[in-house]
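As a plain string of letters, each chain reads:
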Amino acid sequence: MGLTTIDWLIMLVYFVFVLGIGFALKRSMRTSKDFFQAGRAMPAWVCGLAFLSANLGAQEVIGMGASGAKYGIATSHFYWIGAIPAMVFVGVFMMPFYYGSRARSVPEYLRMRFDEKTRGLNAFLFAFMTVFSSGISMYAMARLIQALHLLDTPFTRMGLPVSLIFHVSIAISALIVLAYILLGGLTSAIYNEVLQFLLIVAGFLPLVWIGLKNVGGWNGLKQTLPGAFTHSWQGMSSSATNPLGVEWYTLVMGLGFVLSFGYWCTDFLVIQRAMAADSQNAARRVPLIAAVPKMLFPFLVILPGLIAIAVVPRFVEQPVPSAHVILASAHGSAAEADPTSSNMANLRQGLIPVKTDPGTGRPMIDSNGKPVFDYDLAIPNMLLYFFPSGILGLGLTALLASFMSGMAGNVTAFNTVWTYDIYQSYLNKNASDAHLLWMGRAATVGGILLSVAAAYAVTSFNNIMDALQMVFSFVNGPLFATFLLGMFWKRATGHGAFAGLLAGVTTGLLHIGLTLPVGSGVSVKGGWLGAIHYYPSEMAQNFWTAIFAWVVCFAVTIVVSLATKAPNEKDLVGLVHSLTPKLPDQDLRWYQQPKYLGLAVLAGVLVLNLIFR
Amino acid sequence: MGLDIRVPIGWLFTILGTMLAIYGVINHRPTYDWLPGTNINLFWGAALLVFGIAMLLLSRNATAAARK
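Residues numbered from 1 in each chain as written. Chains lettered and ligands numbered in written order. Predicted model: local features only at pLDDT ≥ 70, side-chain atom pairs only at ≥ 80, totals over all residues.

### Quick word on the overall build of chain B
Counting its regular elements, chain B contains 2 helices and 0 strands. The 68 residues of chain B split such that 32% are buried. Look at the contacts in chain B between residues 6 or more apart in sequence, and 80% of them connect residues 24 or more apart. (Helix = DSSP H or I, 4+ residues; strand = E, 2+ residues; numbered from the N terminus. Buried ≥ 20, exposed ≤ 12 C-beta atoms within 10 Å, placed from the backbone. Contact = placed C-beta atoms within 7 Å.)

### Here's the deal with the overall build of chain A
Within chain A, the regular secondary structure consists of 24 helices and 4 strands. The C-alpha atoms of chain A give 24 Å as radius of gyration, which agrees with the globular expectation for 613 residues (25 Å, within 12%). Counting only C-alpha atoms, chain A reaches 75 × 55 × 45 Å along its principal axes. Looking at the 613 residues of chain A, the share that counts as buried comes to 57%. (Rg over C-alpha atoms; globule rule 2.2 N^0.38 Å.)

### Quick notes on the interface of chain B and chain A
Every contact between the two is made by 23 residues of chain B and, on the other side, 30 residues of chain A. Residue assignment for the side of chain B that touches chain A shows that the elements contributing at least two residues are α1 (6-26) and α2 (40-67) of chain B. Here the side of chain B that touches chain A gets 9 residues from one element, more than from any other, and that element is α1 of chain B. Among the residues forming the side of chain B that touches chain A, the class breakdown is 17 nonpolar, 4 polar and 2 charged. (Nonpolar A, V, L, I, M, F, W, Y, C, P; charged D, E, K, R; others polar.)

### A closer look at the environment of glycine 409 of chain A
All names here are of chain A. On the secondary structure map, glycine 409 appears in helix α19 (residues 391-427). When the 31 C-beta atoms within 10 Å are taken as the criterion, glycine 409 is described as buried. When the C-alpha positions of glycine 409 and arginine 273 are compared, they lie 9.2 Å apart, and in sequence the two are 136 residues distant.

### Comments concerning the nonpolar core
Residues and elements named next belong to chain A. Of all hydrophobic cores here, the largest spans 225 residues; its most connected members are Cys47 and Ile190. The dominant element in this core, judged by the number of residues it contributes, is helix α10 (residues 165-214), at 23 residues. Two domains each provide a minimum of three residues to this core, namely domain 1 (1-460) and domain 2 (462-581). (Core = buried A, V, L, I, M, F, W, Y, C linked by C-beta atoms within 7 Å. Domains from an automatic or database assignment.)

### A word on unusual backbone geometry
All names here are of chain A. Phi is positive for arginine 102, close to 65 degrees, though the residue is something other than glycine. Its place among the elements puts arginine 102 in the loop between α6 (84-100) and α7 (106-113). A positive phi is found at histidine 149, a non-glycine position, where the angle reads about 60 degrees. Topologically, histidine 149 is positioned in the loop between α8 (116-147) and α9 (152-157).

### A closer look at the domain arrangement of chain A
Residues and elements named next belong to chain A. With domains assigned, chain A is organised as domain 1 (1-460) and domain 2 (462-581). Centre-to-centre, using C-alpha coordinates, domain 1 lies 25 Å away from domain 2. Across the boundary between the two partners, domain 1 contributes 34 residues, which contact 29 residues of domain 2. Take the side of domain 1 that touches domain 2: its biggest share by element is 9 residues, from helix α13 (residues 248-264).

### Remarks on helix α24 (residues 594-611) of chain A
The periodicity of an α-helix, 3.6 residues per turn, causes residues three or four positions apart to be oriented the same way. Residues and elements named next belong to chain A. In a regular helix each residue adds 1.5 Å, so 18 residues correspond to 26 Å; α24 covers 26 Å between its end C-alpha atoms and thus fits that length. Those residues of α24 lying buried are Pro594, Leu597, Gly598, Val601 and Val605. The buried side chains of α24 occupy one side of the element, clustering within an arc of 100 degrees when seen end-on. Those residues of α24 that are exposed and aimed more than 90 degrees away from the buried face are Ala603, Leu606, Val607, Leu610 and Ile611. Looking at the buried side of α24, the elements it contacts are α5 (77-80), α6 and α15 (280-310). (Expected span 1.5 Å × (residues − 1). Arc of directions from axis to C-beta.)

### Examining the confidence of the model for chain A
With 91% of its residues at a pLDDT of 70 or more, chain A shows a mean pLDDT of 84. Counted against residues more than four places away or in other chains, residues 316-342 of chain A, with its pLDDT under 50, gives 49 contacts. (pLDDT = per-residue confidence, 0-100.)

### Overview of the confidence of the model for chain B
Scored by pLDDT, chain B has a mean of 84; 82% of the residues are at 70 or more. Among the prediction metrics, the complex's ipTM stands at 0.93, with pTM recorded as 0.87.

### Quick word on the packing of α10 of chain A against helix α18 (residues 378-386) of chain A
All names here are of chain A. Between α10 and α18, the shortest axis-to-axis distance is 10 Å and the interhelical angle comes to 75 degrees. Classified by the angle between their axes, α10 and α18 sit roughly perpendicular to one another. Across the interface between the two elements, Leu207, Ile210 and Gly211 from α10 touch Met382, Leu383 and Phe386 from α18. Each residue belonging to the contact of α10 with α18 can be placed in one class, and the counts come to 5 nonpolar, 1 polar and no charged. (Axes fitted to C-alpha atoms, helices over the stretch in contact; angles between N-to-C directions. Parallel < 35°, antiparallel > 145°, perpendicular 65-115°, else oblique.)

### Quick look at the environment of phenylalanine 461 of chain A
Residues and elements named next belong to chain A. Here phenylalanine 461 shows up in the loop between α20 (433-460) and α21 (464-488). Residue phenylalanine 461 is classed as exposed on the basis of its C-beta count, with 11 C-beta atoms lying within 10 Å. As for phenylalanine 461 and serine 76, which are separated by 385 residues in sequence, their C-alpha atoms are 31 Å apart.

### Side note on the packing of α6 of chain A against α24 of chain A
All names here are of chain A. At a closest axis distance of 10 Å, the pairing of α6 and α24 adopts a crossing angle of 175 degrees. The orientation of α6 with respect to α24, classified from their angle, is roughly antiparallel. Between α6 and α24, the contacting residues are Ile84, Val88, Gly91 and Val92 on the first element and Pro594, Lys595, Gly598, Val601, Leu602 and Val605 on the second. Its residues assigned to classes, the contact of α6 with α24 comprises 7 nonpolar, 2 polar and 1 charged.

### Here we look at the environment of phenylalanine 387 of chain A
Residues and elements named next belong to chain A. Along the chain, phenylalanine 387 falls in the loop between α18 and α19. For the pair phenylalanine 387 and isoleucine 210, spaced 177 residues apart in sequence, the C-alpha separation works out to 8.8 Å. The contact partners of phenylalanine 387, leaving out residues within four places of it in the chain, are Leu207, Leu392 and Gly395.

Below, the structure written as structure tokens:
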């Protein structure tokens, strides 16, 4: 039982390549610029795929498949509304200032444009969030390996207790990521992200193809599933009539504008990839190149979720006897002892089983007595159900690769912000370049250790993951207001930006404390100051938190800027739009010019929305 | 940057494609009925192999062009 030799061999070959790339790059890591900025010598397409891949961590592949199963094709809003417009904006309008300023990181841009305290605030918040994101990726991967029983057979054969699998999974993933970043820095991370992107396509494309064939294609899905699952805009006029529980204007403002621009336009995790490009024009093309596969990704990661609930499982003639498809805990003794929970445990939607409590092994029930489905298993169960050994190894490798690149992306962003924006700015201002390179490697080790600690913190406190989602909404929410004013309004001052950011984050926090989604009790997720407003869903609450935080940050930045001394215009050349000479792009061919690429991408998204409306 | 990314991509997909295709030939399961009549390992292995070789050729052309 378990995976066969060929599956293990495929995984092994992949990991040999991952580490091999690190070793091959070791010799070219001579300066801190090589290590943290990939020497600023990458071609645009390589950075573009890495830009996309770095964001493709645990939350992405597993989460989008899960949302596909839960909400249907409306999940594509997270791509077509919640990513593409912001990616076009950052490429066409913002990248000249990030790249042209010669800043080495996003917080460093804030220091050049505003002042030290604004940079400090951003650097510390960002460092904290990357460590937790990386820890969540690690945690999710170890849980998945455990849940799919991938390592059970080798462990029993070696006489090791199965309870060690979680810890060993964390240790192995940490060591692999540590090794290839230590050896090859950002270049190594970027190269591996490209590899991982291609692997995801190679592993998931046949899955979607086989899956669709077996549910009768897209038309088959349309007939099997409720209408709202196959139409992304159906019922969006009211929060009560669509699966997401938000109206279209909340979606467009909260997700499409505030949260999406706050992430894609300001998050150093992705911007770092674009800043590694070999020229400013290449850097501007990076997000636009990434946008093309990004808008097609719903077909690779969301569609499997829809197929997973449409499939009518055929257990009798199960084609892959070795597969551990997790369908209801049939052998759970607790379930057998209790007839009601036993019935519950046999419930499923397609390939999606009922969620079981990891402590008691009992099926989980929500406050209305309805079973809770474990949507996170949509994609893993699809792989195990449809793939025979051989290609199954490829699919699982793709899945593991996505977790690792999510971790590596966060760790490379962390080591750069730590070394340049915290260590060099506050602890050792006169450090030599060789010392910074050493510090970068030390920060990589430190970042990984902190991620491991974060992964275990998530293990011990179940609600940390939910709490962090909430933290991201009010930390990322206001950021775009700061950058928008910083880049396009020369009157914005450092005091204004700092006050605006603080006010925005505080507003977000207060908003969460004062509101609740309908039907939830007071928890860390809301209402702890007394609920004065109820939202139709958690998503709606989340979006409005971000919208309020953004508006307050925008307004406070303007008011405080006008009340403080205007910055000297000479210091803002290259940092603000109106004071920066425009780089001519006439010598580029039309398809290399960011504005045309951007328009083409937006047209593509419009067409996709019309097709799947 | 010392290493052309297309080289590791090319070799990885050439090796994985070859492995899958060979496995597909020697271990074809007629009972695998999700795609009747298709040897998925052989078919997809061959596709990956073609992609891998294309990447290796591209990197070779680039090196040759750089030498000239």
